[in-house]
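Residue strings, one per chain:
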Amino acid sequence: MIFVIVEHRSNKLRDITFQMLAKARALANKTKSELVTVVLEDTSQSFEHILSSYADKTLLIKDKYMGNYNSEIYQEIISRLISRYKPLLTLIGHTSYGIDLASSLAVEQDLPIVSDCIDIDLKDQGIHATRQIYGGKVNSLVTIEHEHCIATVRPNVFKAGEKAELSGSIIDHSVSIEKTTLRKRFIKLVTSPTGNLDITQADKIVSIGRGVKKKEDIKIIEDMAESMGAILACSRAIVDKGWLPVERQVGSSGRTVNAKLYLAIGISGASQHLAGMSSCETIIAVNEDPYAPILSIAHYAIIDDLYNVVPLLKDKLCSKRR
Amino acid sequence: MNVIVCVKLVLISTESLKLTEAGNIVEKGMSYDINEWDGYALEEAILIKEKYGGSVTAITIGPERSDKMLRGCLAKGADKAIRFWEPFIAGADSKILARTLCEIIRKMKYDLIMFGTQASDDGRAQLGPMVAQMLGIPHATMITRLELINDIAKARRELEDGIEEIVEVALPAAFAVQTGINRTRYAPLKGIMQAMKQTIPILSLSDIETCECSSLQGIPHVKLEKLYIPETDRNAHILEGTVAESTDKLVAVLTDKGLL
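Overview of the structure. (Residues numbered from 1 in each chain as written. Chains lettered and ligands numbered in written order. Predicted model: local features only at pLDDT ≥ 70, side-chain atom pairs only at ≥ 80, totals over all residues. Heavy atoms only, no water.)

## Quick look at the overall build of chain A
Alright, step 1. Helix and strand counts for chain A stand at eight helices and 17 strands.
Alright, step 2. Projected onto its principal axes, the C-alpha positions of chain A cover 70 × 40 × 35 Å.
Alright, step 3. The buried share among the 322 residues of chain A stands at 61%.
Alright, step 4. Looking at chain A alone, contacts between residues at least 24 apart form 62% of all its contacts between residues at least 6 apart.
Alright, step 5. When the accessible area of chain A is evaluated, it comes to approximately 13,000 Å², of which 47% is carbon and sulfur surface.
Alright, step 6. In chain A, 40 side chains carry a positive charge and 38 a negative one; their mean positions are 4 Å apart. (Helix = DSSP H or I, 4+ residues; strand = E, 2+ residues; numbered from the N terminus. Buried < 20%, exposed > 50% of the residue type's maximum accessible area, 1.4 Å probe, protein only. Contact = heavy atoms within 4.5 Å. Areas by Shrake-Rupley, 256 points an atom, 1.4 Å probe, with all protein chains shown as cover. Lys, Arg positive; Asp, Glu negative; His and termini not counted. Charge placed at Lys NZ, Arg CZ, Asp CG, Glu CD.)

This is how it looks when you write it as structure tokens:
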């Protein structure tokens, strides 16, 4: 049996759920085991009807406090279900929700866990998983020799499959949670303000990353962006330093952009960044590292120090403009 | 508020890494620093101390070279620093590391335990929740804002797509912070001078071993089979030449595509 812990937010199943379902289906077929989804939802939701066409079984836990992913509630419920069904493998998204849940669940259940997997295989001797370390510069292959384990799955690595046409059974495991015993309470969702700027609407974007060494250096890149009618955006590192506001951040924790031009300057291209810009029409990278991950999705690149490239490029673009 | 902050020294890899013939990462000539996330966790711990009083204790599991990082923590405002090391730790999985931290922390007084959400080297994002579970306290990860109201922490968690959630967690609790939660400070000269004089206790297995951690030296559940450098399917067309030539080519591409 393979468990998939379902993620949903704001009344919608999240993409990671379907990506895990696709991977779990392949592993279930290989090991001739059942694919079982576990869904916690509130009384107004009915995700089980969608899930039952993908899964052999759906374990449903419906209660008024389960509309949001509170890892404390999830852990209590899922721990019980793991004890009862003893799945070979439990798949959880390596997302903000999953990161909050998976590792403490693994401790409670005394199960081995491997996190942020970009590939997973089940063999006779347990699980084989591929992970990225050092931000994708090195891959590590790890094994767990154990009958049961937990793995968290990196988003946007496995492709969601076609909608299956199963009619899996739905098993109600609803229990009500004593809210007074909870040590962690969900209060509300908040959307970070966009301010006056919406980079998702931009046609042309010049985006900067960790390669920019000082805040003062942003000015010349901003001038260059302006000379070509582009908007300045950035990777997370720049926002973390407080050099640009969060509404300019591209990536899975920032905005997803779909511009005609994305000129990435000094951005190595962590997977979280690529997730926010990979569908741009023309991607050009300026990076001194010939192995930077951004080169896997960029269409054109200059392999050089941005501090050599930018001043010259800016002059050429300005004179072109005149 | 007594705050414990768990920090880790990591290899800094601004450029690509190489492997030895035996398949280990070539560390020679590379530099080490505090894990970026942990730097923010330390700052948050110090901010809490400055606002509410109390103390900050930095704990690391690492070899001797980690002492410089711990002195950095002391210089910025930690009151105490502790280092644990045993050679077997080098190949330990997260659960063994968490168990070790748990046994060290169990004997201490604390209201909050701060972690970085993940480390820039292994990227596992596991330790905070594991230690919390072992200690029997609640936790929250991906924290971008933390406010304390009596014995409740009001925390903002970063979700995806620019969405955050607000949760309330009863103290004592563990929090794993995201980068950017605060602006990390530079160590003041006075702090650096004081930190030089402080002693850093070095703990080993005999200092923490209880019946529960006799299994610490057991075979790790998660076994590393091999490391390899992923093949970059480099699809980018490289604009070659001197910088004058490559920028000319770039302008030509932009012009061709009507992007200017």
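## Description of the interface of chain A and chain B
Alright, step 1. Each side of the interface is counted separately: chain A has 84 residues, and chain B has 80 residues.
Alright, step 2. Across the chain A to chain B interface the summed buried area is about 7,300 Å²; carbon plus sulfur atoms make up 56%.
Alright, step 3. On the chain A side of the interface with chain B, the three residues burying the most area are Y134(A), K137(A) and R183(A), jointly 10% of the side's total.
Alright, step 4. Taken together, chain A and chain B are joined by seven salt bridges.
Alright, step 5. Of the charged contacts, one joins E158(B) and R236(A) as a salt bridge, the two residues approaching to 2.9 Å between their closest N and O atoms.
Alright, step 6. Across the chain A-chain B interface, the total number found is 46 residue pairs in polar contact (both at pLDDT 80 or more).
Alright, step 7. Looking at the side of chain A that touches chain B, the element that brings in the most residues is helix α4 (residues 96-108) of chain A, giving nine residues.
Alright, step 8. When grouped by side-chain class, the residues that make up the side of chain A that touches chain B number 34 nonpolar, 26 polar and 24 charged.
Alright, step 9. Relative to strand β13 (residues 237-238) of chain B, strand β17 (residues 300-303) of chain A runs parallel, the two sharing two bridges. The partner of A301(A) across the bridge, within β13(B), is I238(B). (Buried area = accessible area lost by both parts, 1.4 Å probe. Salt bridge = Lys/Arg side-chain N within 4 Å of Asp/Glu carboxyl O. Polar contact = N/O pair within 3.5 Å; in protein donor to acceptor, adjacent residues only side chain to side chain. Nonpolar A, V, L, I, M, F, W, Y, C, P; charged D, E, K, R; others polar. Pairing = 2+ DSSP bridges.)

## Considerations on the packing of aromatic side chains
Alright, step 1. Inspection of every chain in the model, using the stated rule, returns four aromatic pairs over all chains.
Alright, step 2. Joined through ring pairs, the aromatic side chains of Y69(A), Y74(A) and Y97(A) make up one cluster.
Alright, step 3. Positioned above the aromatic ring of Y32(B) is the side chain of R65(B), whose terminal nitrogen or guanidinium carbon lies 4.1 Å from the ring centre.
Alright, step 4. Above the plane of the ring of Y228(B) lies K226(B), whose end atom (NZ or CZ) is 5.1 Å from the centre. (Phe/Tyr/Trp six-rings, centres within 6.5 Å; stacked < 30°, edge-to-face > 60°. Lys NZ or Arg CZ within 6 Å of the ring centre and 35° of its normal.)

## Here's the deal with the sheet that holds β17(A)
Alright, step 1. With respect to topology, six strands assemble into an open sheet ordered β14(A)-β13(A)-β15(A)-β16(A)-β17(A)-β13(B), the strand pairing being parallel. A single partner strand is all that each edge strand has here, and the edge strands are β14 (231-234) of chain A together with β13 of chain B.
Alright, step 2. Sheet analysis places strand β15 (residues 261-265) of chain A next to strand β16 (residues 282-287) of chain A, joined by five bridges and oriented parallel. Counted as the bridge partner of I265(A) is V286(A) from β16(A).
Alright, step 3. Across the sheet, helix α7 (residues 243-256) of chain B is in contact with β15, β16 and β17 of chain A; its angle to β17(A) comes to roughly 165°. (Axes fitted to C-alpha atoms, helices over the stretch in contact; angles between N-to-C directions.)

## Considering a nonpolar patch on the surface
All names here are of chain B.
Alright, step 1. On the surface, a nonpolar cluster with roughly 440 Å² of combined accessible area is contributed by L189, I192, M193 and M196.
Alright, step 2. By secondary structure assignment, the location of I192 is in helix α5 (residues 189-197).
Alright, step 3. Given a relative accessible area of 35%, I192 falls into the partly exposed group. (Patch = residues over 30% accessible without salt bridge, like charges linked within 9 Å, V, L, I, M, F, W, Y side chains within 5 Å.)

## A closer look at the sheet that holds strand β12 (residues 222-228) of chain B
Alright, step 1. Pairing within the open sheet is mixed, and its 10 strands lie in the order β11(A)-β5(A)-β4(A)-β1(A)-β6(A)-β10(A)-β7(A)-β8(A)-β9(A)-β12(B). Of all strands in the sheet, those bounded by a partner on one side alone are β11 (169-172) of chain A together with β12 of chain B. Direction aside, the axes of adjacent strands within the sheet are offset by 30° on average.
Alright, step 2. Judged from the three bridges that link them, strand β1 (residues 2-5) of chain A and strand β6 (residues 89-93) of chain A form a sheet pairing that is parallel. Looking at the pairing, V4(A) lines up with L91(A) of β6(A).
Alright, step 3. Strand contacts of α4(A): β1, β6, β7 (113-123) and β10 (149-153) of chain A, with the helix running at about 150° to β6(A), the strand carrying the most contacts.

## Topic: the nonpolar core
Here is a general trend for soluble globular proteins: nonpolar side chains tend to be buried in one another's company.
Alright, step 1. F3(A), V38(A), I105(B) and I113(B) are the most contacted members of the largest nonpolar core, which has 60 residues in total.
Alright, step 2. Each residue touching I113(B), except ones within four places of it in the same chain, is listed here: I4(B), C6(B), I105(B), L135(B), I137(B), A173(B), A174(B) and F175(B). (Core = buried A, V, L, I, M, F, W, Y, C linked by side-chain atoms within 4.5 Å.)

## Brief notes about the pairing of strand β5 (residues 57-62) of chain A
Residue and element names in this part refer to chain A.
Alright, step 1. Among the six residues of β5, five are classified as buried, and the element is accordingly described as predominantly covered.
Alright, step 2. For strand β4 (residues 35-41) and β5, the ladder comprises six bridges, and the chain directions are parallel. Note on β5: the bridge partner recorded for V38 is L59.
Alright, step 3. Of the pairings in the sheet, the one linking β5 to β11 comprises four bridges and is parallel in character. In the sheet register, L59 faces β11, and the bridge partner there is I171.

## So, empty space enclosed by the protein
Alright, step 1. According to the stated counting rule, one finds three cavities of 30 Å³ or more in the structure shown.
Alright, step 2. In this structure, the largest cavity encloses a volume near 50 Å³.
Alright, step 3. If you go around the largest cavity, the residues you meet are Y69(A), N70(A), S71(A), D100(A), K184(A), F186(A), R157(B), E165(B) and V167(B).
Alright, step 4. Residue assignment for the lining of the largest cavity shows that the elements contributing at least two residues are β12 (184-191) of chain A together with β9 (163-170) of chain B.
Alright, step 5. Grouping the amino acids of the lining of the largest cavity by side-chain chemistry returns three nonpolar, two polar and four charged. (1 Å grid on protein atoms, 1.4 Å probe; cavity = no way out; pocket = protein on both sides within 12 Å on 5 of 7 lines; lining within 4 Å. Points joined across faces, edges and corners; volume = space filled by probe spheres on them.)

Honestly, that's just the spatial picture; any functional story needs more than this.
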